[in-house]
Amino acid sequence: MPQVALTAAAAIISVTKVGLVAVGVPGTLAGALAPALLKAAAYGALGAASSALLKPSLPSSVIATDWVADPNAPIPALAGRMKVPGNVVYKQSFGPERMYRGIVGVWSVGPIEEVETIKADGTVATFGVGGAANSPFNDKLWFSYKTGLWSDTALASPTGLRSSATIPQWGSNHRLPCLASYMVTFGHDAKQKVWTQGEPEFEAILKGMRCYDPRKDSTYPGGSGSHRLNDPSTWEYSTNPGLWALKWEIGIWMGPNNGRPYEDTLALGLGTPWDDILVDDFIEAANVADALEFTCAGRPTSGDDKDQVLRAFLQAAGASPRSLGGRQGCMIRASEKVSLLTLTRDDIAGAVEITRNPGRLERLNTIIPRYRSEAHDWDMVPAEAVSRDIYLTEDGERRRSREVDYHFVTDLDQAAVLAAYDVADSREGWTGAIPCMPWLRDLAPGDCFTVDDDVEVIGGLKMIVLTRDFDVSTGLVTLGVRAETDSKHAWAGGITGAVTDPTDPVVPGYTFPAPDAGDWSLAAGTGDLPALVFSGEVTNPLAAAVQFAYRLDGAADWIPAAQTGANVEEIAVPLLTGGDWEGAVRYQSDQSGVWGAWLELGPVTVGGLVPTDWTDITSRPGWVTDGRVPAGLDGSGNLISTVSATARNASNLVYRSTGSIDFTGDANATNGANWATNLTGRPTELTDGRIPTALNSSGVLQTPIPSSLADTSNILRRSGGGLFTGSLSATNGADWSTNVSNRPAELTDGRITTALDASGNLKSTAADASGLLRVSGTGGLAGALATKDEATVQAYGKLASNTALSTSFTTVASASLACDGRLVQVFAGISISNAGASGTARAIIEHERQGSPGTWDMIASDSWDIDAGTVSDPVILDKVSLAGHMLPPVTTPGVPETHNFRLRLDATHANMTALATAASSTGILNNALSVYHPG
């Protein structure tokens, strides 16, 4: 194949049989380009690499759908929805006569989303209380499972087994944390009515693990939602192959955090650090998969090649892996790429190697995709071939095909679309390497560009970057490229798949002749019982066996009678009844085993059973013939004769003597005896009259109870005067003033009526007597103090001596604001007259914004104790420091504003609270300051 070299200086095509020649390149540049030219030569293999399909190579464990009895099997991880075999980790027979078989298995790393369906021998099983199966598996199947959380307890033996049997050597300490697992118990089926094939095949259809989706993570740029990488509980079940490729790149982890990446233990996958993953690549793959409705399902294990598993997930997404600057990502194949730039001569830094590729013997025009088909019990099955007419025409109608496995694909149309892309990509015509100037170093694998028309040979082509190599010493970038044809996307995206199920081969017809008409005859049997007799012989030497059948004349179905060897000559068939009967005979071929046609015989008349006369029966017992039976029993079997005395006594029967009411016999009794005359030994208490005296005919007590009994029975009774007597004496209807004694004085001395009115309200006189000041119904003041002057009112509850609290302020010593808007320090001298008592004084600094007068807010305060003294000896507090308090923010950010300040006194001490409050309500304004607040 000729090689094409384009020089940066002259872009002169030079075709040689030896190698690349940079024509017209200055010596210094040519020396610099030498490594690039060598690398370009190395890219000569790109033609074969790009045309060869990147088929993932996975072992059968990834696609196994049958039970695996291996406790040391690698750990599996279930992606998507599929039939899952169980990795059996424990198996034991147990119970009476070892009638139960217990099996513990593992499905996947957990937690999984759902156990959708359980089948035994292909029949769906449902389960009730305690995991016991419903019909048709009653008493033969029990099932339980765990989804695979770290907190899962051990699987427990089912209850209700015979002799309370439990699976041996398995207890609460046999946990399987972070593994979706199950326990199935089979009951012995000796008659094979349920388990017709022995131990049944057990299978489950599951929905697998959950995936992290950066698109649903508000903390990831562009994401929106509750997903968090470090919180697996926020993840969701997904069949998106792009997300599963990202999950495999991150790794599948097991531990107390239920699989938190980079904190728990890596169990499967690559475990690539988050910062080393080109996450946006996988997001693009997920978006394309959603748009094309691509899904995936598979069960890779910790023993599989990690890189091949990643390729299989990306294959299902229509993508392939790429590496950029040591970071791992992917590039999309199943969508049309936008050209990012036009590559001109000025962008090319040296000799370009381009190969017209592939050759006719290398390119494909047909692929037979194999995918996992639910309709075929989740086995890998081939779909119909995917090809394109134009490709077949280009190849002279000669089919060049290959079978390709799409391991994690379960949708037929998806497999067909991916096969179409593989066919098209195998036929892309140009591959090679282009050394480029440093400014093109941002081009990455998966990016596309268009070659300017002025560039020889490849001008006008759209290229996709497959690899990128940066030479630090020269700053040059070498791009491994392949042509990209946009028209393939419309064709591949519209492909739909089909599967043609195999049919049973057509076997050439083979028949065997019926017996000759003279071979067999049919006759009625001659014995007492009805029978058919077949007589004859087999004259066909190729016959190996004979079948006989019979039926009543006119019946539709034949009744099988017997099957014998070919040497039979006569066979008698007993019948239940006489009548007209037909017979039939046929032979089986000794060579092919085929049964021949029937030879029908008859009908013949067969007589019924011959009756036997009673008198013909000899040795009849005397008790049958001497008449005792008809004498003792009637036609219905009832006894009609008398019973002898011997029989009566032997049978313990009671019988009556003639004309007497007395009975005789071993069980004597009296029937119809008189209470008063015939019954002796009656108890006195039943005859002395006490019962009718005490009880009436309804059983109600009607005799009086003596006082002594009433007292000892703790019964309360009433005397004639309305009073009650007895050991529980009480008074009914007693008078408050005369019959009730020891009344409390507070209930009788009038204090209640003096203080409360009839409605229970406190009378106003009580308030006056208590010196209370109250508000009348009209809003005015009422009560004993309503007419007092202010000084008198102040004296009550405020100042013991009605001496006013005298306050005065000196000037504020200083006030200033820092640049950040904080009040740095305020000094104030305060003189307080203590009014002869001890207490507390408080200095308060308040501020208001100009323009909002009257709205004062406290920003600082300080308190001091006041000692007892005299009015003429005030306590002086000076230089009070109130420092470092933040002013509130300005109303409009960035707009300065002015604040006013004031200092006021608030004081409390014995009998001064109210007055101090009054002073605070008006405020004591002293040296209000207008301060510039920069905001």
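Residues numbered from 1 in each chain as written. Predicted model: local features only at pLDDT ≥ 70, side-chain atom pairs only at ≥ 80, totals over all residues. Heavy atoms only, no water.

## Quick look at the pairing of strand E29 (residues 543–552)
At step 1: Of all 10 residues in E29, eight are buried; the element is thus mostly enclosed.
At step 2: Here E29 runs beside strand E32 (residues 579–589); their pairing, made up of nine bridges, is antiparallel. Bridge pairing links Leu552 to Trp581 in E32.
At step 3: Taking the residues between adjacent antiparallel strands as the criterion, E29 and strand E30 (residues 559–565) are bridged by six residues, where Gly554 takes a positive phi near 95°. (Buried < 20%, exposed > 50% of the residue type's maximum accessible area, 1.4 Å probe, protein only. Helix = DSSP H or I, 4+ residues; strand = E, 2+ residues; numbered from the N terminus. Pairing = 2+ DSSP bridges.)

## Observations concerning empty space enclosed by the protein
At step 1: Per the stated rule, a full pass over the model turns up four cavities of 30 Å³ or more.
At step 2: Taken as a whole, the largest cavity holds about 190 Å³ of empty space.
At step 3: Lining the largest cavity are 16 residues, with Met209, Arg210, Trp235, Lys247 and Gly259 sitting closest to its centre.
At step 4: Those elements that provide at least two residues to the lining of the largest cavity are strand E11 (202–211), helix H3 (241–250) and strand E13 (252–254).
At step 5: With three residues, the single largest contributor to the lining of the largest cavity is H3. (1 Å grid on protein atoms, 1.4 Å probe; cavity = no way out; pocket = protein on both sides within 12 Å on 5 of 7 lines; lining within 4 Å. Points joined across faces, edges and corners; volume = space filled by probe spheres on them.)

## Thoughts on the pattern of salt bridges
At step 1: Applying the stated criterion across every chain, the model contains 33 salt bridges.
At step 2: Among the salt bridges present, the one from Lys337 reaches Glu284, with a minimum N-O distance of 3.8 Å. Taken together, the residues span a long stretch of sequence, with Lys337 in the loop between strand E16 (327–332) and strand E17 (339–343) and Glu284 in helix H4 (residues 279–292) at a distance of 53 residues.
At step 3: Taking the relative accessible area as the measure of exposure, Lys337 reaches 12% and is therefore buried.
At step 4: Taking the relative accessible area as the measure of exposure, Glu284 reaches 34% and is therefore partly exposed.
At step 5: When salt bridges that share partners are traced, they join Arg333, Asp422, Asp425, Glu428, Arg482, Glu484 and Lys488 into one network. (Salt bridge = Lys/Arg side-chain N within 4 Å of Asp/Glu carboxyl O.)

## So, the pairing of strand E5 (residues 87–94)
At step 1: Two strands pair when backbone bridges link them, and E5 and strand E6 (residues 100–109) are joined in this way by seven bridges, in the antiparallel orientation. Paired with Lys91 across the bridge in E6 is Ile103.
At step 2: Two successive antiparallel strands, E5 and E6, enclose a turn made up of five residues, where Gly95 displays a positive phi of approximately 85°.

## Notes on the nonpolar core
At step 1: Grouped together as the largest cluster of nonpolar side chains are 80 residues, with contacts concentrated most on Trp244, Ile252, Phe313 and Trp491.
At step 2: Per element, the largest residue contribution to this core is 10 residues, and it comes from helix H7 (residues 412–426).
At step 3: With residues up to four places along the chain from it excluded, the contact list for Trp244 reads Leu78, Ala79, Gly80, Met209, Cys211, Ser238, Ile252, Cys296 and Phe313.
At step 4: Phe186, Trp195, Ala204 and Trp378 belong to the second-largest nonpolar core, a separate cluster that totals 26 residues. (Core = buried A, V, L, I, M, F, W, Y, C linked by side-chain atoms within 4.5 Å. Contact = heavy atoms within 4.5 Å.)

## Observations concerning the sheet that holds strand E31 (residues 570–574)
In sheet architecture, strand pairing relies on hydrogen bonds along the backbone and comes in two forms, parallel and antiparallel.
At step 1: Strand order in this open sheet of three strands is E27-E28-E31, and the pairing throughout is antiparallel. On the outer flanks of this sheet lie strand E27 (520–524) and E31, each paired with one strand and no other. Pairs of neighbouring strands in the sheet enclose a mean axial angle of 20°, with direction left out of account. (Axes fitted to C-alpha atoms, helices over the stretch in contact; angles between N-to-C directions.)

## Quick word on the packing of aromatic side chains
At step 1: A full pass over the atoms with the stated rule returns 21 aromatic pairs.
At step 2: Taken together, the ring pairs in this structure connect Trp107, Phe127, Phe143, Tyr145, Tyr182, Phe186 and Phe202 into an aromatic cluster.
At step 3: Between Lys247 and the ring centre of Trp244, over which it is positioned, the NZ or CZ distance is 5.5 Å.
At step 4: Here the basic side chain of Arg441 rests over the ring of Phe470, its NZ or CZ set 4.0 Å away from the ring centre. (Phe/Tyr/Trp six-rings, centres within 6.5 Å; stacked < 30°, edge-to-face > 60°. Lys NZ or Arg CZ within 6 Å of the ring centre and 35° of its normal.)

## A closer look at the packing of H3 against H4
At step 1: Relative orientation of the contacting elements H3 and H4 amounts to 155°, with a least axis distance of 7 Å. In this view, H3 runs roughly antiparallel relative to H4, as classed from their interaxial angle. Contacts between H3 and H4 involve Pro241, Gly242, Leu243, Ala245, Leu246 and Glu249 from the first element and Phe282, Ala285, Ala286 and Ala289 from the second. (Parallel < 35°, antiparallel > 145°, perpendicular 65-115°, else oblique.)

## Here's the deal with the layout of surface pockets
At step 1: Computed from the structure, the second largest pocket encloses a volume of approximately 370 Å³.
At step 2: Tyr391, Arg427, Glu428, Gly429 and Thr485 are the residues nearest the centre of the second largest pocket, which is lined by 20 residues in total.
At step 3: Among the elements of the structure, helix H6 (389–394) and helix H8 (487–493) are those that each provide at least two residues to the lining of the second largest pocket.
At step 4: If one sorts the elements of the lining of the second largest pocket by residue count, H6 sits on top with three residues.
At step 5: When its residues are assigned to classes, the lining of the second largest pocket shows seven nonpolar, four polar and nine charged. (Nonpolar A, V, L, I, M, F, W, Y, C, P; charged D, E, K, R; others polar.)

## Thoughts on the packing of H3 against helix H5 (residues 306–316)
At step 1: Contact pair H3 / H5: the axes reach a minimum separation of 7 Å and the direction vectors enclose 165°. Put simply, H3 runs roughly antiparallel to H5. Between H3 and H5 lies a crossing whose hand is left-handed. Contact residues: H3 offers Pro241, Trp244, Ala245, Trp248 and Glu249, while H5 offers Lys306, Val309, Leu310, Phe313, Leu314 and Ala316.
At step 2: Its residues assigned to classes, the contact of H3 with H5 comprises nine nonpolar, no polar and two charged. (Left-handed = near helix turned anticlockwise from the far one by under 90°.)

## Here's the deal with the environment of Asp411
At step 1: Topologically, Asp411 is positioned in the loop between strand E22 (401–405) and H7.
At step 2: With relative accessibility at 33%, the residue Asp411 sits in the partly exposed group.
At step 3: Along the primary structure Asp411 and Phe294 are separated by 117 residues, whereas in three dimensions their C-alpha atoms are 7.9 Å apart.
At step 4: Of note is the side chain of Asp411, whose polar atom sits 2.8 Å from the backbone nitrogen of Gln414. (Polar contact = N/O pair within 3.5 Å; in protein donor to acceptor, adjacent residues only side chain to side chain.)

## Things to note about the confidence of the model for the chain
At step 1: Taken over all residues, the pLDDT of the chain has a mean of 75, while the share at 70 or more is 67%.
At step 2: Within the chain, the element-level pLDDT minimum falls on strand E2 (residues 14–16), averaging 27, and the maximum on H3, averaging 97.
At step 3: This stretch, residues 868–884, has a pLDDT under 50; its non-local contacts, to residues over four places away or in other chains, come to 56 contacts. (pLDDT = per-residue confidence, 0-100.)

## Observations regarding unusual backbone geometry
At step 1: Across the junction of Gly110 and Pro111, the peptide omega takes the value -5°, indicating a cis bond.
At step 2: For Pro111, the location among the structural elements is in the loop between E6 and strand E7 (112–120).
At step 3: Residues Gly602 and Pro603 are joined by a peptide bond in cis, for which omega reads 10°.
At step 4: For Pro603, the location among the structural elements is in strand E33 (residues 599–606).
At step 5: Of note in this structure, Arg98 is not a glycine but carries a positive phi near 50°.
At step 6: With respect to the secondary-structure elements, Arg98 resides in the loop between E5 and E6.
At step 7: Positive phi is not limited to glycine here, since Asp377 has a value of about 60°.
At step 8: Considering the arrangement of structural elements, one finds Asp377 in the loop between strand E19 (366–373) and strand E20 (379–382).

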